[in-house]
Amino acid sequence: MIRKAIIPAAGYGTRSLPITKVIPKEMFPVGVKPAIHYVVDEAFRSGVDQILIVVSKRKNLIVDYFDHSLELEAFLERENKQHLLDQYTIPDGEIYYTRQPYAKGLGDAIRIGEKFIGDEPFAVLLPDDIILEKGTPGLKQLIDDYTRFRSSIIGLNKVEPHLLSSYGVVKGTEIEAGTYKLDDIVEKPKQNPPSNLAVLGRYIFTPAIFRHLAKLTPGAGGEIQLTDAIKSLLKSEKCLGKIIAGQRFDIGSNKEYIKLQNLIGNSPASL
Ligand code: G1P
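Here the structure is a predicted model, which means the values were calculated and not measured.

**Digging into the site of the ligand**
Right, so step 1: Around the ligand there are 13 residues in total, and Asp129, Gly168, Glu187, Lys188 and Val199 lie nearest to it.
Right, so step 2: Within the side chain of Asp129, one N or O atom sits 2.8 Å away from an oxygen atom of the ligand.
Right, so step 3: Within the complex, 85% of the 380 Å² of free accessible area of the ligand lies under protein.
Right, so step 4: Residues of the shell around the ligand, tallied by class, amount to four nonpolar, three polar and six charged.

**Some words on the packing of aromatic side chains**
Right, so step 1: Under the defined criterion, the tally for this structure stands at six aromatic pairs.
Right, so step 2: Relative to Tyr257, the ring of Phe28 lies with its centre 5.4 Å away and its plane at 55°, an arrangement referred to as tilted. Placement of Phe28 in the loop between strand 1 (4-8) and strand 2 (29-30) and of Tyr257 in helix 10 (residues 254-264) is noted, with a sequence separation of 229 residues between them. Take Phe28 and Tyr257: they sit in the same class, and that class is buried.
Right, so step 3: Among the aromatic residues, ring-to-ring pairing joins Phe122, Tyr203, Phe205 and Phe210 into one connected group.
Right, so step 4: In this structure, Lys4 is placed above the aromatic ring of Phe116, and the distance from its NZ or CZ to the ring centre is 5.3 Å.

**Overview of the nonpolar core**
Right, so step 1: Core analysis: the biggest nonpolar cluster contains 40 residues, and Ile36, Val40, Ile51, Ile53 and Ile204 have the highest contact counts within it.
Right, so step 2: Secondary-structure elements contributing two or more residues to this core are strand 1, helix 1 (35-45), strand 4 (50-55), strand 6 (122-125), strand 7 (129-132), helix 7 (138-149), strand 11 (197-205) and helix 10.
Right, so step 3: The dominant element in this core, judged by the number of residues it contributes, is helix 1, at seven residues.
Right, so step 4: Setting aside anything within four residues of it in sequence, one finds Ile51 in contact with Ala5, Ile7, Val40, Ala43, Phe44, Glu94, Ile95, Tyr96 and Phe116.

**With respect to the UniProt feature "domain: Nucleotidyl transferase" (unreviewed entry) in the chain**
Right, so step 1: Taking the numbering used here, the UniProt-annotated feature "domain: Nucleotidyl transferase" (unreviewed entry) corresponds to residues 4-264.
Right, so step 2: Span residues 4-264 is 31% helix and 28% strand, its end C-alpha atoms 29 Å apart.

**Quick notes on the environment of Glu77**
Right, so step 1: With respect to the helices and strands, the residue Glu77 is situated in helix 3 (residues 70-78).
Right, so step 2: On the basis of relative accessible area, Glu77 is assigned to the partly exposed category, the value being 45%.
Right, so step 3: A sequence separation of 124 residues divides Glu77 from Gly201, and the C-alpha atoms of the two residues are 39 Å apart.
Right, so step 4: For Glu77, the contacting residues outside a window of four places in its chain are Gln82 and Leu85.

**Some thoughts on the pairing of strand 1**
Right, so step 1: Across the five residues of strand 1, five count as buried, placing the element largely inside the fold.
Right, so step 2: Taking every second residue as pointing to the same face, both faces of strand 1 are buried, with Lys4, Ile6 and Pro8 on one and Ala5 and Ile7 on the other.
Right, so step 3: Relative to strand 4, strand 1 runs parallel, the two being bridged by five bridges. Pairing of Pro8 across the sheet is with Val54, part of strand 4.
Right, so step 4: With two bridges connecting them, strand 1 and strand 6 associate as parallel partners.

**Let's talk about unusual backbone geometry**
Right, so step 1: Cis geometry marks the peptide bond from Leu17 to Pro18; its omega dihedral reads 10°.
Right, so step 2: As for its placement among the helices and strands, Pro18 is situated in the loop between strand 1 and strand 2.
Right, so step 3: A positive phi angle, near 60°, is found at Asn80, a position not held by glycine.
Right, so step 4: With respect to the helices and strands, Asn80 occurs in the loop between helix 3 and helix 4 (82-87).
Right, so step 5: Although it is not a glycine, Lys188 adopts a positive phi angle of roughly 40°.
Right, so step 6: Note on placement: Lys188 falls in the loop between strand 10 (179-187) and strand 11.
Right, so step 7: Using a relative accessible area of 40% as the deciding quantity, one classes Lys188 as partly exposed.

**A look at helix 9 (residues 226-236)**
Right, so step 1: For helix 9, the complete set of buried residues consists of Leu226, Thr227, Ala229, Ile230, Ser232, Leu233 and Leu234.
Right, so step 2: Its buried side turned inward, helix 9 meets helix 5 (106-111), strand 8 (152-158), strand 10, strand 11, helix 8 (209-214) and strand 12 (239-243).

Calculation rules
Residues numbered from 1 in each chain as written. Predicted model: local features only at pLDDT ≥ 70, side-chain atom pairs only at ≥ 80, totals over all residues. Heavy atoms only, no water. Near = heavy atom within 4 Å. Polar contact = N/O pair within 3.5 Å; in protein donor to acceptor, adjacent residues only side chain to side chain. Areas by Shrake-Rupley, 256 points an atom, 1.4 Å probe, with all protein chains shown as cover. Nonpolar A, V, L, I, M, F, W, Y, C, P; charged D, E, K, R; others polar. Phe/Tyr/Trp six-rings, centres within 6.5 Å; stacked < 30°, edge-to-face > 60°. Helix = DSSP H or I, 4+ residues; strand = E, 2+ residues; numbered from the N terminus. Buried < 20%, exposed > 50% of the residue type's maximum accessible area, 1.4 Å probe, protein only. Lys NZ or Arg CZ within 6 Å of the ring centre and 35° of its normal. Core = buried A, V, L, I, M, F, W, Y, C linked by side-chain atoms within 4.5 Å. Contact = heavy atoms within 4.5 Å. UniProt positions renumbered as here; feature names shortened; annotations may be inferred. Pairing = 2+ DSSP bridges.

As structure tokens, then:
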């Protein structure tokens with residue numbers, strides 16, 4: 001059972017400048033909800049009951065969004081607009097926050113969550129990746145495999161060769177349809193990617209990952225890379241990858257963000 005999740009949301013969102021100068025990427029609207037709302041819902045729908053969101057100084061909007069607005073609620077009640085209150089829902093689960101003081105990379109953001117996680121397996125969801133699926137939530141698909149295999153497991157999807165240099169890319173052996181035993185992982189390979197299987201921002205880790213994160217020095221782009229910790233983890237324990245069923249949208253890519261917006265149209269509630 002996976003009870004806890006970390007959502008790292010402290011990055012600068014440089015791919016989406018200039019808007020990210022004032023609006024965090026996680027707060028980009030998808031229909032009438034911000035992107036991170038879908039990811040938080042996915043975690044709770046997958047059975048997680050405590051989420052730690054790692055923010056930075058410029059991300060107070062995220063904290064405000066998941067809080068009650070007493071003024072707004074009083075106003076809607078006074079105006080007999082209770083039906084709007086129902087739409088204005090705050091996810092029903094525990095959300096905690098902590099700050100990453102320096103933007104040292106994804107690996108560093110996860111490392112900050114160690115005390116919150118303690119000694120149990122946990123999930124990581126990257127809020128840039130929105131998954132549209134018709135049945136089982138993306139993270140739940142990984143949790144179901146974790147329950148069977150009891151090893152760390154990374155979400156994957158197949159991407160076009162020219163896009164592989166934007167992602168972590170794995171090398172693995174397929175042990176059953178769509179599930180791989182991982183042998184290697186490379187962050188944003190500039191050439192010779194080991195496969196066409198890219199890391200999608202959903203992970204289940206055993207707490208051993210923290211030992212590997214603690215040893216890291218800056219990697220690709222001068223950042224502490226989660227991928228480097230996974231590479232090191234692979235040497236000491238079995239780690240799987242699983243293709244997540246559903247459509248993945250990387251909202252850090254303007255093209256995919258616009259595609260998602262067009263798809264959601266005016267019916268965000270259907271997500
Ligand atoms: C991160 C990870 C990368 C993964 C990607 C998924 O990269 O480092 O391995 O494929 O998320 O969205 P980022 O998008 O933060 O550059």
